[in-house]
Amino acid sequence: DQQVKQNSPSLSVQEGRISILNCDYTNSMFDYFLWYKKYPAEGPTFLISISSIKDKNEDGRFTVFLNKSAKHLSLHIVPSQPGDSAVYFCAASALRANFNKFYFGSGTKLNVKP
Amino acid sequence: NAGVTQTPKFRILKIGQSMTLQCTQDMNHNYMYWYRQDPGMGLKLIYYSVGAGITDKGEVPNGYNVSRSTTEDFPLRLELAAPSQTSVYFCASSYSGSTDTQYFGPGTRLTVL
């Protein structure tokens, strides 16, 4: 039973426009969320995070929004660039003192067209 | 700085064969992890280690074994390969197990026929 879901396997966006990637979770104990980016033949790399005490976190062109009541988070990329074409994974965890087990979504493949 | 390295990149095994997937990190991280990613699914945690000599099970440990004799190395052992273990395997490491970023290796694509 997947606790983190990314229901859109793929997304295509024109260069310069906004990309919005969505993620839903079922476990109300989750309080820390991450987005990872993955290029082919490489491992995932950390992109941005947000804790449940915030509803928004911004880093350059990337913004993550968290809606705790809806158990939903989204990643906005503005403006989208061809180099953003990759698979994006969201992950969620319930923070513990010594170890956080992260649950990953299945990923959304973003294609940014020039 | 190599980060997290994994070998081999690809491997085909026959049912019942065994193999070890190698993982090495050069960042002096305490925590190391093994994940698998099946097609259309998210990464699932197989095993993790909080330091040399200490390992624990993740979500999907059956059919695998690990050891952590040094800080740098965290090999994953498949004893009797089964088709259900066909997957892409990622090793990762982090300084702590809290909110520190996990750094991933490039993955090993394993096919069991």
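Our subject in this report is the structure included herewith.

Rules of the game
Throughout this document, residue positions are counted from 1 along each chain, in the order its sequence is written. Chains and ligands are labelled by the order in which they are written, letters from A for the one and numbers from 1 for the other. In keeping with the predicted nature of the model, local features appear solely for residues at pLDDT of at least 70, side-chain atom pairs appear and are counted solely at 80 or more, and the whole-chain, interface and lining totals rest on all residues. Note that the side-chain values use all heavy atoms of the structure and ignore hydrogens as well as water. At least two DSSP bridges between two strands are required for those strands to pair. Numbering goes from the N terminus for both helices and strands, where a helix is a DSSP run of H or I of at least four residues and a strand is a run of E of at least two. Lines are fitted to the C-alpha atoms to define the axes, a helix being fitted only along its stretch in contact, and any angle between axes, read from their N-to-C directions, falls within 0 to 180 degrees. For this analysis, a salt bridge means a side-chain nitrogen from Lys or Arg found within 4 Å of a carboxyl oxygen belonging to Asp or Glu. The buried label goes to any residue with under 20% of its type's maximum accessible area, the exposed label to any with over 50%, and the partly exposed label to all in between, with areas taken from a 1.4 Å probe on protein chains only.

1. Concerning the sheet that holds strand S1 (residues 4-7) of chain B
Residue and element names in this part refer to chain B.
Stage number 1. Taken in spatial order, the four strands line up as S1-S3-S8-S7 in an open sheet, and their pairing is antiparallel. In the strand order of this sheet, the two ends are held by S1 and strand S7 (64-66), each with one partner. The mean inter-strand angle of the sheet, taken between neighbouring strand axes irrespective of direction, is 20 degrees.
Stage number 2. Where strand S3 (residues 19-25) meets strand S8 (residues 76-78), three bridges bridge the pair, whose relative direction is antiparallel.

2. Some points on the pattern of salt bridges
All names here are of chain A.
Stage number 1. One pass over the structure, following the stated rule, counts five salt bridges over all chains.
Stage number 2. Between Lys 37 and Asp 84 there is a salt bridge, with its nearest N and O atoms 4.0 Å apart. Here Lys 37, found in strand S4 (residues 32-38), pairs with Asp 84, found in the loop between strand S8 (72-77) and strand S9 (86-93); they are 47 residues apart in sequence, far enough to count as distant. Assigned by exposure class, Lys 37 and Asp 84 land together as buried.
Stage number 3. Salt bridges here are not isolated pairs; linked through shared partners, they connect Lys 37, Arg 61 and Asp 84.

The quantities given are spatial measurements derived from coordinates; they are silent on function.
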